[in-house]
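# Examining the three-dimensional arrangement
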Amino acid sequence: MLKIKLFFIGLKFYIATNWVANIPSFRIRHWYYRHFLHYTIGRASSIHMGTFVTGNHIEIGDNVVVNRNVYLDGRIGITMKNNISISPEVYIVSMDHDPNDPHFATRGGEVVIEDNVWIGARAMILPGVCIGEGAVVSACAVVTKDVAPYQIVAGIPARSIGNRSRQIDYRCVYFPWFGTDIQRSGHSHLLAK
């Protein structure tokens, strides 16, 4: 009985990652994620084509852009607040392995991304990390510990390289056509509030 249950759980994620993620309709993708994976997806948020999803614990607030080919590991949990820009090919991981455990045991923690965060392309966010309000994670950074509000981090492992202005006045809204960068009429990635 457990094998059958696990088979169907695996099937719904296989369908999400290999079929649904490649459908060029935000409406259809979001419908599947909400109804079959039970994800919360807020108003004016977008999960772009090619996104790999796993786990049942993903909550996305309003005006969040999850760009192309992002990896979202919701096995323990990912919470994204509002007005967040996640660039292409970012990895957000909530579970990994303990390298010192003789049985290679899993470990992890929920990842929380606060309001107005910008995560650059190919960055990696590791389990249990909180990215503070207004923070910026530079491209290719590996975030192993919490990032303070309005801090800019870069490198492997990520470390502070400066502070971001607190004068943030935009909303992240990005619904391009067919997985391209061609904007739909009336939408801009950065709309003035």
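The paragraphs below set out a description of the structure included in this document. This structure is a prediction, so every number in the text was calculated from the model and none was measured.

What counts, and where the lines are drawn
Residues numbered from 1 in each chain as written. Predicted model: local features only at pLDDT ≥ 70, side-chain atom pairs only at ≥ 80, totals over all residues. Heavy atoms only, no water. Pairing = 2+ DSSP bridges. Helix = DSSP H or I, 4+ residues; strand = E, 2+ residues; numbered from the N terminus. Salt bridge = Lys/Arg side-chain N within 4 Å of Asp/Glu carboxyl O. Buried < 20%, exposed > 50% of the residue type's maximum accessible area, 1.4 Å probe, protein only. Patch = residues over 30% accessible without salt bridge, like charges linked within 9 Å, V, L, I, M, F, W, Y side chains within 5 Å. Areas by Shrake-Rupley, 256 points an atom, 1.4 Å probe, with all protein chains shown as cover. Expected span 1.5 Å × (residues − 1). Contact = heavy atoms within 4.5 Å. Phe/Tyr/Trp six-rings, centres within 6.5 Å; stacked < 30°, edge-to-face > 60°. Lys NZ or Arg CZ within 6 Å of the ring centre and 35° of its normal.

### Here's the deal with the sheet that holds strand β7 (residues 78–80)
- Read across the open sheet, the 5 strands follow the order β1-β4-β7-β12-β15; overall the sheet is parallel. Sheet topology places β1 (40–41) and β15 (130–131) at the edges, where each strand pairs with a single neighbour.
- Relative to β15, strand β12 (residues 111–113) is paired through 2 bridges, and the arrangement is parallel. Residue pairing in the sheet places Ile-113 in a bridge with Ile-131 of β15.

### Some thoughts on the pattern of salt bridges
- Going through the model one piece at a time under the given rule, you end up with 7 salt bridges.
- One salt bridge connects Asp-73 with Arg-75, and the closest N-O pair in it is separated by 2.8 Å.
- On the basis of relative accessibility, which here comes to 0%, the residue Asp-73 falls in the buried class.
- A relative accessible area of 38% means that Arg-75 is categorised as partly exposed.
- Each of the salt bridges in this network shares a partner with another, and the network as a whole consists of Asp-96, Asp-98 and Arg-107.

### Quick word on a nonpolar patch on the surface
- On the surface, a nonpolar cluster with roughly 670 Å² of combined accessible area is contributed by Ile-4, Phe-7, Phe-8, Leu-11, Tyr-14 and Trp-19.
- Following the sequence through the fold, Ile-4 ends up in helix α1 (residues 2–18).

### Describing α1
- Taking 1.5 Å per residue, 17 residues should reach 24 Å; α1 reaches 24 Å between its end C-alpha atoms and fits that length.
- Within the span of α1, buried status applies to Lys-12, Phe-13, Ile-15, Ala-16 and Thr-17.
- Where α1 is buried, its residues touch α2 (26–35) and β3 (52–54).

### As for the packing of aromatic side chains
- All told, the structure shown has 9 aromatic pairs when counted by the stated rule.
- Between the aromatic rings of Tyr-32 and Phe-36, the centroid separation amounts to 4.7 Å while the plane-to-plane angle is 15°, which identifies the pairing as stacked.
- According to the relative accessible area criterion, Tyr-32 is buried, its value standing at 8%.
- Taking the centre distance of 5.0 Å and the plane angle of 10° together, the rings of Phe-52 and Tyr-71 count as stacked. With Phe-52 in strand β3 and Tyr-71 in strand β6 (residues 71–73), the pair connects residues that are 19 residues apart, well separated along the chain.
- The exposure class assigned to Phe-52 is partly exposed, which follows from its relative accessible area of 34%.
- Through successive ring pairs, a cluster of aromatic residues spans Trp-31, Tyr-32 and Phe-36.
- Stacked on the ring of Phe-26, the Lys or Arg Arg-29 has its end atom at 4.5 Å from the ring centre.

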